[in-house]
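Secondary and tertiary structure notes
Here is how the chains run, residue by residue.
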Amino acid sequence: ALGRKNYNSAISAFQAAIRLDGQAVEAQEALNQAQSERNLFAINGHLEKADQFRAQEQWQPALNEYNQALKIDSNLLVVLPKREETAVRARMDAALENAINQPQRLTSDTIWQAAQVLYRKAGEIDNPGPRLQRQMTTLQQLLQDAITPVVVTFNSDNLSRVTLQKIADLGSFSTRELELKPGDYVIVASREGYRDVRKEFTVAPRIKSLQLAIQCEEQI
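We now turn to the structure provided with this report. A quick note: this is a predicted structure, and the numbers were derived from the prediction, not measured.

Here we come to unusual backbone geometry. We note that K5 has phi near 65°; this positive angle belongs to a residue other than glycine. Within the secondary structure, K5 is located in the segment before α1 (7–20). The class of K5 is exposed, set by a relative accessible area of 53%.

Next comes the structure, spelled out in structure tokens:
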């Protein structure tokens, strides 16, 4: 069994031999050899898969393979630098995918700044592969979209007083245009003798324009 690299069968057989004769030195040595060869075979398999995943820029699967190898033998010092590099790339890859797959979150100034830092760090990677290059190109466009103003046209009755909260008091008007960055907004209309009107709206990235009507209509 050991000659055929059928390690589990070989180990079982040698263990059975030791149970028959606990002093069988040859059986113990053979058991040690079988266990060592099995571990080495498994480790080499994990490292080979890790290299394949790294070549494909699949960083998390590669990291998993390194961890499996280190579970078998934690003293694989030669693996540790690659494992650490892979862990860094896996975290970056996950962060890039998160930013790309949730572009609406980039309208938050805090998240936009964090994504900008992430983009710069990604740009410091030597010899980026196709996946990283695609991620950087996409994120760069999303970052630009998130700060590109959109023309928003507000229509009212020239009687209601309109306030765009945290932005400006627009006063009374029939039509008013503003350039607003993508994000969530609240607009309020008030008029003496009428119930206030409050509307929440979202300015989405990459749209050319947006129209919104707001005026007080319900008398108190």
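A word on the sheet that holds strand β4 (residues 175–180). Here we have three strands laid out as an open sheet, ordered β4-β1-β7, and mixed in their pairing. Two strands lie at the open edges of the sheet, namely β4 and β7 (209–213), each paired on one side alone. In this sheet, adjacent strand axes meet at a mean angle of 20° when their direction is disregarded. Strand direction decides the pairing type here: strand β1 (residues 150–155) and β7, joined by five bridges, are parallel.

With that settled, consider helix α2 (residues 25–55). With 31 residues, α2 extends 45 Å from end C-alpha to end C-alpha; this agrees with the ideal 45 Å at 1.5 Å per step. Among the residues making up α2, those that are buried are A27, A30, L31, A34, I43, H46, A50 and R54. Check the buried side of α2 and you find it contacts α1, α3 (59–72) and α4 (80–101). At the C-terminal side of α2, E57 shows a positive phi close to 60°.

Calculation notes
- Residues numbered from 1 in each chain as written.
- Predicted model: local features only at pLDDT ≥ 70, side-chain atom pairs only at ≥ 80, totals over all residues.
- Heavy atoms only, no water.
- Helix = DSSP H or I, 4+ residues; strand = E, 2+ residues; numbered from the N terminus.
- Buried < 20%, exposed > 50% of the residue type's maximum accessible area, 1.4 Å probe, protein only.
- Pairing = 2+ DSSP bridges.
- Axes fitted to C-alpha atoms, helices over the stretch in contact; angles between N-to-C directions.
- Expected span 1.5 Å × (residues − 1).
- Contact = heavy atoms within 4.5 Å.

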